[in-house]
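# Structural overview
Chain by chain, the residues run as shown.
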Amino acid sequence: MEQVFKHYVGVIAYINMTGQLKPLYIVWNEGVKYKIDLVYRVFPAASQAGGGGILYECKVAHKRIKLYQEKNRWFIETSQAPFDYWSES
Amino acid sequence: MEKWILHIDINHCYAQIEEMKNPALKEIPMAVGGRESNRHGIILAKNLLAKKYRIKTGEPVRDALKKCPKLRIIHPDFTDYQYYTTKVKDIYHEYTDQVESYGLDEAWLDITGSLKLFGDPIDIARTIQTRIKNEIGLTVSVGISFNKIFAKMGSDMFKPYGLVHISKENYREIVWPLDIGDLFYVGQATKTKLNQVYITKIGQLARCSKDYIKSLLGKMGEVLWLFANGFDMSAVMLATSKSVVKSVGNGVTAIKDLTTLDELRSVLLVLCDSVASRLRDHQLKGFVVTLSLRDKQLHSFTRQKKREQATNLCQEIMATIDDLLARHRDENAAYRSVGVRVSDLIFDNRQCQLSLFEDPNAKVDMYKLETAIDSLRARYGYYSISRGLTRANSHLTDFNPKGDHTIAPKGYF
């Protein structure tokens, strides 16, 4: 099984009159915005990378990604290891 | 009609939640334990790798590190544990309204009424198990039976991720060959007593006559005999029924041993403050004040006193505590942990029998003062106001017993 990592992201979302939430953009490292083209489905799930919450399966730049709402934060699963400041410096 | 009761247990709960948050911890021996510096240094939970080093729940962190020097100690985060266990219980509530929690990690579910909606009870148990695995990432063991006791024993049988069905047909084969110590509410003392009369298995206890066991162990013996025979008929409580408060208490292990009366009193005052405030929150007041002390050698004792009038005021509770201290404190002893409890509770309807020898107005003033402190704390935080006496030993009294999270152990009865 491919190892996945957790990367916390910012999210711009639209909340409609009934309180339904729809994520529109993912903000990577407080910088670049990526448009979410489509939300396939929404359901509670645990992440392989640890933690979990409500999973939004989204289409971003023709790729299927897993966007999780964990308590009050959002993260996505990536195959890219986070940069380890302690061991690489 | 036969009941269908599930007992669901989150396997090594705290450790598993930490593993779920950070999967890398699954690869190393890990345990959740308190901070040594605050002297809360005991192991609360451990993972499967740590279990191989024979690390036990409840032993000091220092001893555990001796057994396994590379053991990783994680400090507990109770808000997270409460968050995830509530999520798990939300799933239970989708299947029945009869969910009785037993601590954070265990619960009984009565699904007798839900069978028409959800089908076969064993399927329901499997669904709950897989849903918790997929949605929250935790594994649970389930015991299914016709009473609460056998359900609990079923969930204890295979860990992790077990599912055991104990029915009226097979309980003799499954439960009776088990060691007597595995029966609910049989502790070390009862086990020794039963072993003395050559009862080592649950089946042997069940086949004894009820009167014999009663003569041996008293009232509890009868209860145990009923447990062993599967005659326990207690109902799973409704989720909406709130448990009735029987006593309100707080205790603390101080960061250093308390040797002088001053130190002891200032710590006790903080506890009285919290107990009184919690009583007022519940609109209760109590007659009996109990003081519990534990010294350096871990010998503990409790002393209680009944007051003339019920109270929920810090100063009045403290006065009774002072009384108890004067009578029962050993002046040479160093106390490690202390506790205050108020019981024999009645509803506080703000009316009371006036005493001839007390000034009723002073009591009203005291009540006003203490509720003012409560509202100040609610608005500006706990540390915004404190009693003068506690400032003298501020290193001992810098804790908030009301707000800091504590999980009280719960009894079955």
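Residues numbered from 1 in each chain as written. Chains lettered and ligands numbered in written order. Predicted model: local features only at pLDDT ≥ 70, side-chain atom pairs only at ≥ 80, totals over all residues. Heavy atoms only, no water.

## Quick notes on the overall build of chain B
Tallying secondary structure elements over chain B gives 17 helices and 12 strands in all. The proportion of buried residues among the 413 residues of chain B is 46%. Counting only contacts in chain B whose residues sit at least 6 apart along the sequence, the fraction spanning at least 24 positions is 65%. Here chain B has roughly 21500 Å² of accessible surface; of this, 53% comes from carbon and sulfur atoms. Across chain B, 59 positive and 49 negative side-chain charges occur, with their mean positions spaced 3 Å apart. (Helix = DSSP H or I, 4+ residues; strand = E, 2+ residues; numbered from the N terminus. Buried < 20%, exposed > 50% of the residue type's maximum accessible area, 1.4 Å probe, protein only. Contact = heavy atoms within 4.5 Å. Areas by Shrake-Rupley, 256 points an atom, 1.4 Å probe, with all protein chains shown as cover. Lys, Arg positive; Asp, Glu negative; His and termini not counted. Charge placed at Lys NZ, Arg CZ, Asp CG, Glu CD.)

## Details of the side chain of Asn250 of chain B
Residues and elements named next belong to chain B. Note on placement: Asn250 falls in strand β9 (residues 247-258). Within the local environment of Asn250, its side chain forms a polar contact with the side chain of Arg278, the two groups lying 3.0 Å apart. Residue contacts for Asn250: discarding those within four places in its chain leaves Leu271, Ser274, Val275, Arg278, Val338, Gly339, Val340 and Pro401. (Polar contact = N/O pair within 3.5 Å; in protein donor to acceptor, adjacent residues only side chain to side chain.)

## A closer look at the interface of chain A and chain B
Size of an interface, as often reported, equals the accessible area lost when the parts are brought together. Chain A puts 10 residues into the contact, and the matching count from chain B is 11 residues. Taken together, both faces of the contact between chain A and chain B bury some 700 Å²; the carbon and sulfur share is 51%. On inspection of chain A and its partner chain B, the count reaches 1 salt bridge. A salt bridge links Asp80 of chain B to Lys71 of chain A, with the shortest nitrogen-to-oxygen separation between them at 2.1 Å. Counting the contacts that link chain A with chain B gives 4 residue pairs in polar contact (both at pLDDT 80 or more). (Buried area = accessible area lost by both parts, 1.4 Å probe. Salt bridge = Lys/Arg side-chain N within 4 Å of Asp/Glu carboxyl O.)

## Here we look at the pattern of salt bridges
It is possible for side chains bearing opposite charge to pair when their charged atoms get close. All names here are of chain B. Tallied over the full model, the rule gives 27 salt bridges over all chains. With a closest N to O distance of 3.0 Å, Arg280 and Asp374 form a salt bridge. Within this pair, whereas Arg280 is found in helix α13 (residues 261-281), its partner Asp374 is found in helix α15 (residues 360-380), the two being separated by 94 residues in sequence. Within the structure, one salt-bridge network assembled from shared partners comprises Asp273, Arg280, Glu370, Asp374, Arg377 and Arg387.

## As for the pairing of strand β6 (residues 63-70) of chain A
Residue and element names in this part refer to chain A. For strand β5 (residues 52-60) and β6, the ladder comprises 7 bridges, and the chain directions are antiparallel. Within β6, the residue paired with Glu57 across the bridge is Lys66. Counting the residues that bridge the hairpin from β5 to β6 gives 2 residues, and of these Ala61 lies at a positive phi of roughly 50°. Examined bridge by bridge, β6 and strand β7 (residues 73-78) share 4 bridges and lie antiparallel to one another. The residue of β7 that forms the bridge with Gln69 is Trp74. Linking two consecutive strands that pair antiparallel, namely β6 and β7, is a turn of 2 residues; a positive phi of about 50° is found at Lys71 within it. (Pairing = 2+ DSSP bridges.)

## Remarks on the packing of aromatic side chains
Residues and elements named next belong to chain B. For the structure shown, the criterion picks out 19 aromatic pairs over all chains. Seen in terms of ring centroids, Tyr102 and Phe184 are 6.0 Å apart; in terms of plane orientation they differ by 70°. Their pairing is edge-to-face. Of this pair, Tyr102 sits in strand β5 (residues 99-102) while Phe184 sits in the loop between α8 (171-174) and α9 (188-196), and the two are 82 residues apart along the sequence. Summarising the burial analysis for this pair, Tyr102 and Phe184 share the class buried. (Phe/Tyr/Trp six-rings, centres within 6.5 Å; stacked < 30°, edge-to-face > 60°.)

## Section: the side chain of Thr78 of chain A
All names here are of chain A. Among the structural elements, Thr78 can be located in strand β7. Thr78 gets classed as buried once you look at its relative accessible area, which sits at 12%. A polar contact of 3.1 Å, which involves the side chain of Thr78, links it to the backbone oxygen of Gln80. Apart from the residues lying within four places of it in its own chain, the contact partners of Thr78 are Gln3, Val4, Phe5, His7 and Trp28.

## Comments concerning empty space enclosed by the protein
Residue and element names in this part refer to chain B. Tallied over the full model, the rule gives 1 cavity of 30 Å³ or more. The volume enclosed by the largest cavity comes to roughly 100 Å³. In terms of lining residues, the largest cavity is bounded by Val270, Asp273, Arg377, Tyr382, Tyr383, Ile385, Ser386, Arg387, Thr390, Arg391, Thr397 and Phe399. Looking at the lining of the largest cavity, the elements with two or more residues in it are α13 and α16 (388-392). Split by residue class, the lining of the largest cavity holds 5 nonpolar, 3 polar and 4 charged. (1 Å grid on protein atoms, 1.4 Å probe; cavity = no way out; pocket = protein on both sides within 12 Å on 5 of 7 lines; lining within 4 Å. Points joined across faces, edges and corners; volume = space filled by probe spheres on them. Nonpolar A, V, L, I, M, F, W, Y, C, P; charged D, E, K, R; others polar.)

## Details of the environment of Asn147 of chain B
All names here are of chain B. Among the structural elements, Asn147 can be located in the loop between β7 (140-145) and α7 (148-157). Relative accessible area serves as the criterion here: at 1%, Asn147 is assigned to the buried category. Along the backbone, Asn147 and Asn22 are 125 residues apart, and their C-alpha atoms lie at a distance of 37 Å. Apart from residues no more than four positions distant in its own chain, Asn147 is found in contact with Ile5, Gly230, Phe231 and Asp232. Looking at Asn147, its side chain comes within polar contact range of the main-chain nitrogen of Ile149, at 3.0 Å. Within the local environment of Asn147, its side chain forms a polar contact with the backbone nitrogen of Phe150, the two atoms lying 2.8 Å apart.

## Description of the domain arrangement of chain B
Residue and element names in this part refer to chain B. Once the domains are mapped, chain B shows domain 1 (1-166), domain 2 (176-229) and domain 3 (247-397). Between domain 1 and domain 2, the contact holds 7 residues from the first and 8 residues from the second. With both sides pooled, the region where domain 1 packs onto domain 2 buries about 610 Å², and carbon together with sulfur makes up 84% of that total. Per-residue buried area on domain 1 facing domain 2 is highest for Ile149, Phe150 and Met153; these three make up 67% of the total on that side. Seen at the junction of domain 1 and domain 2, the total is 0 salt bridges. If you tally residues by element for the side of domain 1 that touches domain 2, the top one is α7, at 5 residues. Taken together, the residues of the side of domain 1 that touches domain 2 break down into 6 nonpolar, no polar and 1 charged. (Domains from an automatic or database assignment.)

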